[in-house]
Amino acid sequence: MFGAPSFSDELSSRKSRASAVLPHSTKEKGTWKLLLNNTGVVGAHMVLTHWNAVILLDRSGSGQSGYQLRHRFNGTKCKGTHADLSDPTCYAHSVEYSIFNNSIRPLTLTSDTSSSSGSVLSNGRIVQSGGFGDASRRIHYFGPCKSGDNCDWIVDKKHLSENRWYASSQILPANDRVIVVGGRGSFTYEFVPKMSTNGKTYHLPFLRQHYDSNEDGNNLYPIVHLSSDGKLFIFANRDSILFNYKQHKVVKKFPRIPGLGSRTYPSTGSSVILPLNQKDGFHKVEVMICGGAAPGANAAAREGRFLTGLRSCGRMVISGNKHEWKMENMPGPRLMHDMVLLPTGHVLIINGAKSGCAGFRNAATPALEPYLYNPKKTLGRRFSVLKSTKIARMYHSSAILLPDGSVLVAGSNPNNQYLYKDVNHPTELRLQAFIPDYMRREYSHQRPHHVSIHSTGKEGVAYGNEFLVRFLLGSKPRYLAFSAYAPPFTTHSLSMNQRLLRLRCKRIVSDAKGWWNATLEAPPSANVAPTGFYLLSVVTEGIPSFSQWVKFIHAAST
């Protein structure tokens with residue numbers, strides 16, 4: 001039924017270049033779409049689930065959210081009295097957003113998960129760790145769910161061993177284990193579930209060494225990335241290490257990122273691992289860190305002075321033996337922004353402010369224009385400025401990639417309460433999507449449709465195994481690529497666990513009706529792709545398909 005196309009050899013050799021260019025004019029800048037006027041809850045934390053819902057969380061310490069409940073979580077009725085109207089338990093502090101129905105469902109979350117961390121386990125279950133006050137040692141779980149289920153948050157009976165407020169989380173390669181690093185006053189790390197029955201925490205002197213007492217730490221929410229060799233890249237303030245968490249040992253100290261200022265909370269730059277590629281066996285691992293705050297920004301903000309943020313970005317290969325930060329500048333200064341990996345391999349830099357630092361009313365001048373970064377272009381030509389939004393997305397905002405290729409944008413509340421007037425930057429409950437240019441209707445004929453994934457394993461695709469991706473495409477593509485994306489838990493400019501993989505296409509055949517069957521090779525190990533659900537996209541000439549979920553697993557699980 002299927003015959004090999006004449007361009008298969010050319011396609012195989014060129015597919016890694018698929019994301020290098022978009023076929024259309026670079027003058028196009030994307031569009032914005034308002035999805036909801038009121039989510040009820042500020043999207044300070046967001047995570048995409050494999051049942052195509054997005055979970056939003058906010059701090060209960062902000063008081064009454066915009067979503068009033070009929071009943072408290074203990075079952076008693078909220079009667080609308082003055083006391084009830086000021087009772088935070090009569091309001092939702094987490095909601096589930098249905099992508100397909102464009103609707104909100106309130107969730108039960110009684111702890112103050114402010115400035116917490118999270119990861120997604122192999123079965124799609126969300127593990128949320130830490131927060132403020134009574135939540136600082138709590139662990140919450142959500143899901144996994146099926147569409148239409150009324151899943152809700154549950155509190156684990158076990159607790160963290162130390163307070164974890166402004167800590168970072170990273171899923172590890174084996175045993176569905178998460179490492180939680182740092183936090184306010186915590187220069188340690190620990191594991192969920194715990195490595196031992198005594199609930200041991202482990203000291204990480206690196207965090208204490210780079211604590212800045214004059215600037216509210218500047219080592220909070222450390223940047224943590226899993227390298228493809230199974231070790232951890234950890235960055236705090238201006239410095240970074242390669243860390244072997246199994247041996248509890250610093251393997252390598254990297255050069256300090258050039259320039260003054262800081263990159264981690266409350267200076268709050270953002271970071272990604274640039275796309276990993278099966279072409280080099282996923283061996284090259286390169287991190288990119290952009291933006292942050294000027295020296296003294298926190299102290300100045302407390303006096304009402306907002307110093308201009310950093311424009312610089314640094315890229316450094318953390319694999320191999322040669323490590324050097326290669327610096328370049330964004331079109332403008334930025335902090336408190338999000339860096340989102342797109343299916344094309346480009347990086348979207350969105351949200352944030354141009355001056356000040358993170359914290360309540362500590363920043364000014366919202367950054368309304370997203371930037372698009374193409375890592376394959378030459379230095380000086382990598383950034384382009386996209387269409388501005390009219391909605392300020394500053395402290396407590398977030399952004400995540402959706403299966404259709406758009407980017408969901410929520411939140412912003414620089415106030416310690418929900419305030420909608422008489423402040424410079426009111427609490428923001430509107431939900432938007434940024435629509436990249438590749439989703440324009442005129443490119444629909446170039447976009448792969450009806451993508452489906454087929455494998456022999458019932459539970460998922462085992463590491464190193466082949467699996468089939470079938471899709472419909474009207475014309476023969478010049479360039480073709482396949483990306484697998486791990487959705488992050490995003491908050492405070494960190495997209496925890498985010499990674500994008502370029503997969504190898506081993507064979508591809510088509511028929512006269514425009515159907516294509518591509519045989520792909522799964523990632524080789526959990527070091528490269530921790531076990532769990534990924535969004536798989538087919539990208540033709542810079543135009544990604546609607547993504548479908550694929551699960552990568554250990555062979556023993558098939």
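Along each chain, the written sequence defines residue order, and numbers are assigned to residues from 1. It should be noted that, the model being predicted, local features are given only for residues of pLDDT at least 70 and side-chain atom pairs only at 80 or more, the latter also being counted only at that level, while totals for whole chains, interfaces and linings use all residues. Hydrogens are left out, water is left out, and the side-chain values use all remaining heavy atoms of the structure.

(A) Summary view of the overall build of the protein chain. Scanning the protein chain from terminus to terminus reveals 4 helices and 43 strands. For this measure, only C-alpha atoms enter the radius of gyration; the expected value for a globule follows 2.2 Å times N^0.38, where N is the number of residues. Whereas a compact globule of 558 residues would reach a radius of gyration of roughly 24 Å, the protein chain reaches 23 Å, a difference of no more than 12%. When the backbone C-alpha atoms are referred to their principal axes, the protein chain occupies close to 70 × 55 × 55 Å. The buried share of the protein chain, reckoned over its 558 residues, is 61%. Whether two residues are in contact is decided by their heavy atoms, any of which lying within 4.5 Å being enough. Taking the contacts inside the protein chain whose residues are at least 6 apart along the sequence as the reference set, 63% of them involve residues at least 24 apart. Here, Shrake-Rupley sampling with a 1.4 Å probe gives the accessible areas, and only protein chains in the shown set may cover a residue. Accessible surface, the protein chain as shown: approximately 21,900 Å² in total, 49% of it carbon and sulfur. By the counting rule applied here, Lys and Arg register as positive and Asp and Glu as negative, while His and the ends of each chain are not counted. One atom stands in for each charge, and that atom is NZ of Lys, CZ of Arg, CG of Asp or CD of Glu. Of the charged side chains in the protein chain, 66 are positive and 37 negative, and the gap between their average positions amounts to 3 Å. Where helices and strands are cited, they refer to DSSP runs of H or I of at least four residues and of E of at least two residues respectively, numbered from the N terminus. Any residue under 20% of the maximum accessible area for its type is buried, any over 50% is exposed, and the rest in between are partly exposed; the area is computed with a 1.4 Å probe on protein chains only.

(B) How the structure looks around the sheet that holds strand E29 (residues 397–401). In this analysis, strands are considered paired if DSSP registers two or more bridges between them. Spatially, E1-E31-E30-E29 is the arrangement adopted by the 4 strands of the open sheet, whose pairing is antiparallel. Pairing within the sheet leaves two strands with one partner each, and these edge strands are strand E1 (31–36) and E29. If you compare each strand with its neighbour and ignore which way they point, the axes differ by 25 degrees on average. Relative to strand E30 (residues 407–411), E29 runs antiparallel, the two being bridged by 5 bridges. In this analysis, axes come from line fits to C-alpha atoms, helices being fitted only over the stretch in contact, and the angle between any two N-to-C directions falls in the range 0 to 180 degrees.

(C) Region of interest: the side chain of threonine 39. Inspection of the secondary structure puts threonine 39 in the loop between E1 and strand E2 (45–48). Overall, the relative accessible area of 3% leaves threonine 39 in the buried class. In terms of polar contacts, threonine 39 uses its side chain to reach the backbone carbonyl oxygen of valine 41, at 2.8 Å. Not counting chain neighbours up to four residues away, the residues in contact with threonine 39 comprise Tyr67, Val95, Ile104, Leu429 and Leu431. Identification of polar contacts relies on pairs of N or O atoms within 3.5 Å, with a donor-acceptor requirement for protein atoms, meaning one able to donate a hydrogen and the other able to accept it, and with residues adjacent in sequence counted only if both atoms are side-chain atoms.

(D) The arrangement of the pattern of salt bridges in detail. Take a side-chain nitrogen of Lys or Arg and a carboxyl oxygen of Asp or Glu: if they are within 4 Å of each other, that pair is a salt bridge. Overall, the coordinates contain 19 salt bridges when judged by the stated rule. Here aspartate 84 ties to arginine 72 by a salt bridge, and the two come within 2.4 Å at their closest N and O atoms. Pair noted here: aspartate 84 is in helix H2 (residues 82–85) and arginine 72 is in the loop between strand E3 (53–57) and H2, with a separation of 12 residues, a long-range link. An identical accessibility class is assigned to aspartate 84 and arginine 72; each is buried. Among the ionic pairs, aspartate 229 bridges to lysine 231, the shortest N-O distance being 3.8 Å. Through salt bridges with shared partners, a single network forms among Glu466, Arg504, Lys506, Arg507 and Glu521.

(E) A look at the state of the cysteines. The rule for a disulfide is simple: a pair of cysteine sulfur atoms within 2.5 Å. Applying the stated criterion across every chain yields a total of 3 disulfides. One disulfide bridge connects cysteine 78 with cysteine 90, the sulfur atoms lying 2.1 Å from each other. Because the sign of the S-S torsion sets the handedness, a value of about -100 degrees for the bond joining cysteine 78 and cysteine 90 places this disulfide among the left-handed ones. You can see cysteine 78 sitting in the loop between E3 and H2 and its partner cysteine 90 sitting in the loop between H2 and strand E4 (94–98), a full 12 residues away along the chain. Neither cysteine 78 nor cysteine 90 differs from the other in exposure class; each is buried. Note that cysteine 290 is cross-linked by a disulfide to cysteine 313, the S-S spacing being 2.1 Å. Measuring the twist about the S-S bond at about 115 degrees, one finds the cysteine 290-cysteine 313 disulfide to be right-handed. One end of the pair, cysteine 290, is in strand E20 (residues 286–290); the other, cysteine 313, is in strand E21 (residues 312–317), with 23 residues separating them in the sequence. Pair check on accessibility: cysteine 290 and cysteine 313 agree, each one buried. With its disulfide-bonded cysteines labelled consecutively along the sequence, the protein chain is connected as 1-2, 3-4, 5-6. Cysteine 357 takes part in no disulfide bond, and the closest cysteine sulfur, belonging to cysteine 290, lies 19 Å away. On the accessibility criterion, cysteine 357 (1% relative accessible area) is buried.

(F) Representation of the pairing of strand E25 (residues 353–356) within the structure. Both E25 and strand E26 (residues 363–366) contribute to a ladder of 3 bridges, which runs antiparallel. Considered in E26, the bridge of alanine 353 is made with proline 366. Once E25 ends, the chain turns through 6 residues before running back antiparallel as E26, passing glycine 359 with a positive phi of about 130 degrees.

(G) Seen up close, the pairing of strand E6 (residues 117–120). Where E6 and strand E7 (residues 126–129) come together, 4 bridges link them in antiparallel fashion. Bridging across to E7, serine 119 finds its partner in valine 127. The turn joining E6 and E7, which pair antiparallel and follow one another in sequence, is formed by 5 residues; a positive phi near 90 degrees is taken by glycine 124.

(H) Representation of unusual backbone geometry in the model. The step from glycine 143 to proline 144 runs through a cis peptide bond, and the omega angle for that step is 0 degrees. Along the chain, the position of proline 144 falls in the loop between strand E8 (139–142) and strand E9 (153–155). Across the junction of tyrosine 265 and proline 266, the peptide omega takes the value 5 degrees, indicating a cis bond. By the element assignment, proline 266 lies in the loop between strand E17 (249–253) and strand E18 (270–273).

(I) Here's a closer look at the UniProt feature "domain: Galactose oxidase-like Early set" (unreviewed entry) in the protein chain. Mapped onto this numbering, the UniProt entry annotates "domain: Galactose oxidase-like Early set" (unreviewed entry) at residues 453–551. Across residues 453–551, the secondary structure splits into 0% helix and 58% strand, with the terminal C-alpha atoms separated by 10 Å. UniProt positions are given in the numbering used here, feature names are shortened, and annotations may be inferred rather than shown by experiment.

(J) Examining the sheet that holds strand E34 (residues 466–472) more closely. Judged by pairing direction, the sheet is antiparallel, and its 4 strands sit side by side in the order E32-E34-E40-E39 without closing on themselves. Each edge of the open sheet carries a strand with a single partner, namely strand E32 (449–454) and strand E39 (504–510). Adjacent strand axes in the sheet meet at a mean angle of 20 degrees when their direction is disregarded. Pairing between E39 and strand E40 (residues 515–521): 6 bridges, direction antiparallel. Bridge pairing in E40 places arginine 507 opposite threonine 519.

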